[in-house]
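Spelled out from the first residue to the last, the chains are:
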Amino acid sequence: MGAVQEKGVIREGVLDDAARAAYAAAYRPDRQTGGGLGSMNAAMRGAKLFEVVCCGAVVARYALRTVDHANGREIVVVAAAGGLPGVDLVASVSPNIEQQGVIAGADRLTMRTRRPGLVRKLKKQGWVLDAYCMGKNLK
């Protein structure tokens, strides 16, 4: 799908045990964005999975879901996890995700996060804050 760096590539992924363990990090209570109502399994339904491979090892994973709206197509990043010491994976992988969106005919990319550091990194990649999402548990 595209180069992450000289020796890294992005390939289609699978939802095996290793992937489930990695994606579970995106659904920890301190990171999840749905107030505890959603689940990793529900988010993965209908999503396309990708792995970032560097030097033969999977260093990151992400899942994209396509949503067709009346006025265009949206690609939603439903989960992302991983890391590689010394490499900013957001800066390295974001252009590939954008290219995947273009190839899929998308008009927009969307991601929800509770992580201020990720917001800062995404802003450097041209992402903008669209709205605040407020929540209050009733039970």
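A tally of helices and strands in the protein chain yields 4 helices and 6 strands. Listing each helix as α and each strand as β along the protein chain from the N terminus yields β-β-α-α-β-β-β-α-β-α. Over its C-alpha atoms the protein chain spans a radius of gyration of 15 Å, differing by no more than 12% from the 14 Å that the globule rule assigns to 139 residues. Classification of the 139 residues of the protein chain by burial places 32% in the buried group. Nonlocal contacts in the protein chain, meaning residues at least 24 apart in sequence, comprise 58% of its contacts between residues at least 6 apart.

Quick look at helix α3 (residues 89-103) now. Residues spaced three or four apart along an α-helix face the same direction, because each turn holds 3.6 residues. Over its 15 residues, α3 extends 21 Å from the first C-alpha to the last, a length consistent with the 21 Å expected when each residue adds 1.5 Å. Listed as buried for α3 are L89, S92, V93, S94, N96, I97, Q100 and G101. Two residues or fewer past α3, G105 is found with a positive phi of approximately 80°.

Counting 18 residues, the largest nonpolar core has I10, V52, Y62, L64, V93 and I97 as the members making the most contacts within it. Elements represented by at least two residues in this core include exactly β3 (48-54), β4 (57-69), β5 (72-82), α3 and α4 (116-124). It is β4 that provides the largest number of residues to this core, a total of 4 residues. Counting residues in each nonpolar core, the second largest holds 12 residues, with M40, A43, M44 and A63 among its members.

Quick look at the pairing of β3 now. Burial of β3 is extensive: 6 of the 7 residues sit out of reach of the surface. Across 5 bridges, strand β2 (residues 8-12) lies against β3 in antiparallel orientation. From the neighbouring strand, V9 faces β3, where its bridge partner is V53. As defined by bridge partners, β3 adjoins β4 across 7 bridges and the pair is classed as antiparallel. Its bridge partner being in β4, E51 is matched across the sheet by R61. Where β3 folds back onto β4 in an antiparallel hairpin, the turn is made up of 2 residues, including C55, whose phi is positive at roughly 55°.

This brings us to the confidence of the model for the protein chain. Where the model shows low pLDDT, its predicted coordinates should not be examined in detail. Per-residue confidence for the protein chain gives a mean pLDDT of 86, with 92% of residues at or over 70. When the criterion is pLDDT under 50, residues 1-6 qualifies, and its contacts beyond four places in sequence or with other chains add up to 20 contacts.

Let's shift gears to the environment of F50. Locating F50 in the fold gives a position in strand β3. Separated by 11 residues in the primary sequence, F50 and R61 have C-alpha atoms spaced 5.6 Å apart.

Along the chain, D16 falls in the loop between β2 and α1 (17-24). Engagement of the side chain of D16 in a polar contact is seen with the backbone nitrogen of A18, the distance being 3.3 Å.

This paragraph deals with the environment of A22. The residue A22 is located in helix α1 in this model. In this structure, the C-alpha to C-alpha distance between A22 and A81, residues 59 residues apart in sequence, is 6.0 Å. Those residues in contact with A22 that lie beyond four places of it in its chain are R61 and A81.

The next subject is the side chain of N96. In this fold, N96 is placed in helix α3. In this structure the side chain of N96 is engaged in a polar contact, spanning 3.1 Å, whose partner is the backbone oxygen of S92.

About the criteria used
Just so you know, the residues in each chain are numbered from 1, in the order the chain's sequence is written. Reporting of local features is limited, given that this is a predicted model, to residues whose pLDDT is at least 70; pairs of side-chain atoms are given and counted only at 80 or more, and all residues count toward the totals for whole chains, interfaces and linings. Note that the side-chain values use all heavy atoms of the structure and ignore hydrogens as well as water. Under the DSSP-based scheme used, a helix requires at least four consecutive residues in state H or I and a strand at least two consecutive residues in state E, with every element numbered from the N terminus. Note on method: radius of gyration uses C-alpha positions; expected globular size equals 2.2 Å times residues raised to 0.38. When a residue's accessible area, from a 1.4 Å probe over protein chains only, is under 20% of the maximum for its type it is buried; when over 50% it is exposed; and in between it is partly exposed. Contacts are residue-level and defined by heavy atoms, with any inter-residue pair within 4.5 Å sufficient. The span you would expect from a helix comes to 1.5 Å times its residue count less one. Working definition of a nonpolar core: buried Ala, Val, Leu, Ile, Met, Phe, Trp, Tyr and Cys residues. They are joined through side-chain atoms within 4.5 Å. If DSSP finds at least two bridges between two strands, the strands pair. As a per-residue measure, pLDDT reflects the predictor's confidence and takes values from 0 up to 100. Pairing of N or O atoms within 3.5 Å defines a polar contact, subject to two protein rules: one partner must be a possible hydrogen donor and the other a possible acceptor, and residues neighboring in sequence count only if both atoms are side-chain atoms.

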